[in-house]
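Per-entry structural report
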Amino acid sequence: MALKLRGKRGYFVIASIFTFSIFSSAQNSYTPTVSYGAFFDAQTSLPRPKESFQRKGEYLKNLFKLKGLDWPAKYVYLRSFKYDSQLEVWVKNSIKEEYKLLKIYKVCALAGSLGPKRFEGDYQVPEGFYYINEFNPNSAYYLSLGLNYPNASDRILADQAKPGGDIFIHGGCATVGCIPIKNDQIDELYLLTAGAKSAGLDYIPVHIFPINYSVKRSYEYLNKLLEADPSYKALNVKLEEAFEYFEQHKQLPVVMTKDNGEYVISDAPVLTPRFQPKQRPKSNFVPSHRKVDFVADAVAKWPEYPGGAAAFSEYVKRVGSEMVKELPDSVTHAYVQLEFIIDKDGSPVNFKILKGAVDDYFDKVLLSKLEKMPAWTPAILREKPVAKKMVQTITVNGE
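Residues numbered from 1 in each chain as written. Predicted model: local features only at pLDDT ≥ 70, side-chain atom pairs only at ≥ 80, totals over all residues. Heavy atoms only, no water.

**Side note on the overall build of the protein**
Helix and strand counts for the protein stand at 8 helices and 17 strands. For the protein, the C-alpha radius of gyration of 32 Å lies well beyond 21 Å, the compact-globule estimate for 399 residues. Taking all 399 residues of the protein together, the buried fraction comes to 48%. Relative to all contacts within the protein whose residues are 6 or more apart in sequence, the contacts with residues 24 or more apart total 69%. (Helix = DSSP H or I, 4+ residues; strand = E, 2+ residues; numbered from the N terminus. Rg over C-alpha atoms; globule rule 2.2 N^0.38 Å. Buried < 20%, exposed > 50% of the residue type's maximum accessible area, 1.4 Å probe, protein only. Contact = heavy atoms within 4.5 Å.)

Right under this line is the structure:
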């Protein structure tokens, strides 16, 4: 049952009480022994829903049991992510419980781009808050579920003469502005929603988002688009508020619409930027510097690390491995070229980064670690120890 009011401040307040009932059938040749309501019985008397019911009824019943959900379900919610090509089905047992994720379907085709639908023929999938208002058992796309586009917001913001329509979740993997999933998936969803409607759920909520805001790649892609489109940014704030409300509470937010078409999310959470790098600690380390009067360009014998070249190679690898945990969140690898001097007493001194600096914290941690390098056998020139400059690359790979 749904209630729609016009508030004193010009809001359209939409509050829905969602009840949901489901059904079961045996795979292949299962015959139902109970009725799940007039609407469901009427639908499953038709060829395609009947065929779907015979194939998927028992599977759906077992899936509910596996997820720890009561059969039949009482509350159901669908949400779709355009860029991520996903359609999620959420179910809960009672009004006070949190929704549980039942299943994720792959959306197998996408028309248009991110952004709302605003006129007929723009090939856009809508973005906003909708519900299922039509069941088509004889669809050109096998089975289809109609959405109530244009909703209250769309009727204000979309083209007044030709806002478009006929938006469906359907089978067939082809679309000019709908949400297509495969035929062997739409039959499950069709049965679930038909059972819900038969149980009295007149408004099965379907929220359509541009992205899944918890996916870093998607979030970064959307934010690049928003930089160039302030009007879309305003809509996106409301969509993200609704997404975040559900993520925090696993309950549906109450969505309202102002006279200007803007959504209002009741008790909206405060949004903070996602996937921000962690605050890097500050380091008080100051690299040491020794005055070296003479550094030889050519020597009779190069400096030698304790244990020789193989031991030095192992030391370099170990330092690179230890530095992985010091990389910033946004960096997966680094190649740092260093310069240092092996002084005539064998001390490694005056470490300096030539190329590949990462950030102040990482660089200082690396230099402080290298300053603890053991003493070498110094270079020899004219049978005397001399200082010699060295260059070495440290590879840090966190992948």
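**Re the side chain of Lys56**
You can see Lys56 is positioned in helix α2 (residues 47–66). For Lys56, a relative accessible area of 13% translates into the label buried. Within the structure, the side chain of Lys56 is placed 2.4 Å from the backbone oxygen of Asp184, a separation counted as a polar contact. (Polar contact = N/O pair within 3.5 Å; in protein donor to acceptor, adjacent residues only side chain to side chain.)

**A few points about the nonpolar core**
Counting 64 residues, the largest nonpolar core has Leu78, Ile169 and Leu189 as its most contacted members. With residues near it in sequence (within four places) discarded, Leu189 still touches Leu78, Leu87, Val89, Tyr105, Leu145, Ile169 and Ile181. Core analysis: the next-biggest nonpolar cluster, separate from the first, contains 25 residues, Val319, Val336, Phe351 and Ile353 among them. (Core = buried A, V, L, I, M, F, W, Y, C linked by side-chain atoms within 4.5 Å.)

**Let's talk about the state of the cysteines**
Going through the model one piece at a time under the given rule, you end up with 1 disulfide. Not engaged in a disulfide, the cysteine Cys178 finds its nearest cysteine sulfur in Cys108; these two sulfurs lie 12 Å apart. (Disulfide = S-S within 2.5 Å.)

**Focus: the sheet that holds strand β4 (residues 86–92)**
Spatially, the 8 strands line up as an open sheet ordered β5-β4-β3-β10-β6-β7-β8-β9, and their pairing is mixed. The two strands at the open ends of the sheet, each matched to only one other strand, are β5 (100–106) and β9 (179–180). Sheet topology places β4 next to β5; 6 bridges connect them, and they run antiparallel. By the bridge assignment, Val89 is partnered in β5 with Lys103. Contacts between α2 and the sheet are confined to β4, β5, β6 (128–139) and β7 (142–147), with β7 contributing the most and set at about 75 degrees to the helix. Here helix α4 (residues 183–198) sits on the sheet and contacts β3 (75–81), β4, β5, β6, β7, β8 (168–170) and β10 (204–209); the angle it forms with β7, its principal contact strand, is near 50 degrees. (Pairing = 2+ DSSP bridges. Axes fitted to C-alpha atoms, helices over the stretch in contact; angles between N-to-C directions.)

**A few points about the pattern of salt bridges**
Counted under the stated rule, the structure contains 24 salt bridges. Among the ionic pairs, Lys369 bridges to Glu322, the shortest N-O distance being 3.2 Å. A residue pair is termed long-range when its members are at least 10 positions apart, and Lys369 in helix α8 (residues 360–370) and Glu322 in helix α7 (residues 309–322) qualify at 47 residues. Judged by relative accessible area, which is 24%, Lys369 ranks as partly exposed. A residue is classified by how much of its surface remains accessible, and Glu322, at 30% relative accessible area, is partly exposed. The network of salt bridges with common partners includes Glu51, Arg55, Lys56, Lys103, Asp187 and Glu188. (Salt bridge = Lys/Arg side-chain N within 4 Å of Asp/Glu carboxyl O.)

**Re the confidence of the model for the protein**
In the predicted model, the protein carries a mean pLDDT of 89, and the fraction of residues at 70 or more is 91%. For the stretch residues 1–31, pLDDT sits under 50, and the model shows 105 contacts to residues farther than four places along the chain or on other chains. (pLDDT = per-residue confidence, 0-100.)

**Concerning α4**
Compared with the 22 Å implied by 1.5 Å per residue over 16 residues, the 22 Å span of α4 between its first and last C-alpha is a close match. Judged by how many residues are buried, α4 sits mostly within the fold: 13 of 16 residues are covered. Phi for Gly200, located one or two positions after α4, is positive at around 115 degrees. (Expected span 1.5 Å × (residues − 1).)

**Examining the side chain of Lys117**
Relative to the helices and strands, Lys117 is located in the loop between β5 and β6. One polar contact links the side chain of Lys117 to the main-chain carbonyl oxygen of Phe119, over a distance of 3.4 Å. Setting aside chain neighbours within four positions, we find Lys117 in contact with Asp122, Tyr123, Gln124, Val125, Pro126, Tyr149, Ala158, Pro163, Gly164, Gly165 and Ile167.

**Let's talk about the packing of α7 against α8**
Contact geometry of α7 with α8 gives a least axis separation of 11 Å together with a crossing angle of 145 degrees. In this structure, the crossing between α7 and α8 has a hand that is right-handed. Contact residues: α7 offers Tyr315, Val319 and Glu322, while α8 offers Leu366, Lys369 and Leu370. Among the residues forming the contact of α7 with α8, the class breakdown is 4 nonpolar, no polar and 2 charged. (Left-handed = near helix turned anticlockwise from the far one by under 90°. Nonpolar A, V, L, I, M, F, W, Y, C, P; charged D, E, K, R; others polar.)

**Observations concerning the pairing of β3**
Summarising burial for β3: 7 of the 7 residues are buried, a large majority. Burial along β3 is two-sided: Tyr75, Tyr77, Arg79 and Phe81 and Val76, Leu78 and Ser80, pointing in opposite directions, are all buried. Between β3 and β4, which pair antiparallel one after the other, the connecting turn spans 4 residues, and Ser85 there sits at a positive phi close to 55 degrees. In this structure, β3 lies alongside β10, joined through 4 bridges in parallel fashion. Across the sheet, Arg79 pairs through a bridge with His207, a residue of β10.

**Quick look at unusual backbone geometry**
With an omega dihedral of 0 degrees, the bond running from Tyr149 to Pro150 counts as a cis peptide bond. On the secondary structure map, Pro150 appears in the loop between β7 and α3 (152–157). Positive phi outside glycine occurs at Asp267, with the angle close to 55 degrees. Along the chain, Asp267 turns up in the loop between β12 (263–265) and β13 (295–296). The phi torsion at Arg382 lies on the positive side, around 50 degrees, for a residue other than glycine. Residue position: Arg382 is located in the loop between β16 (379–381) and β17 (384–397).

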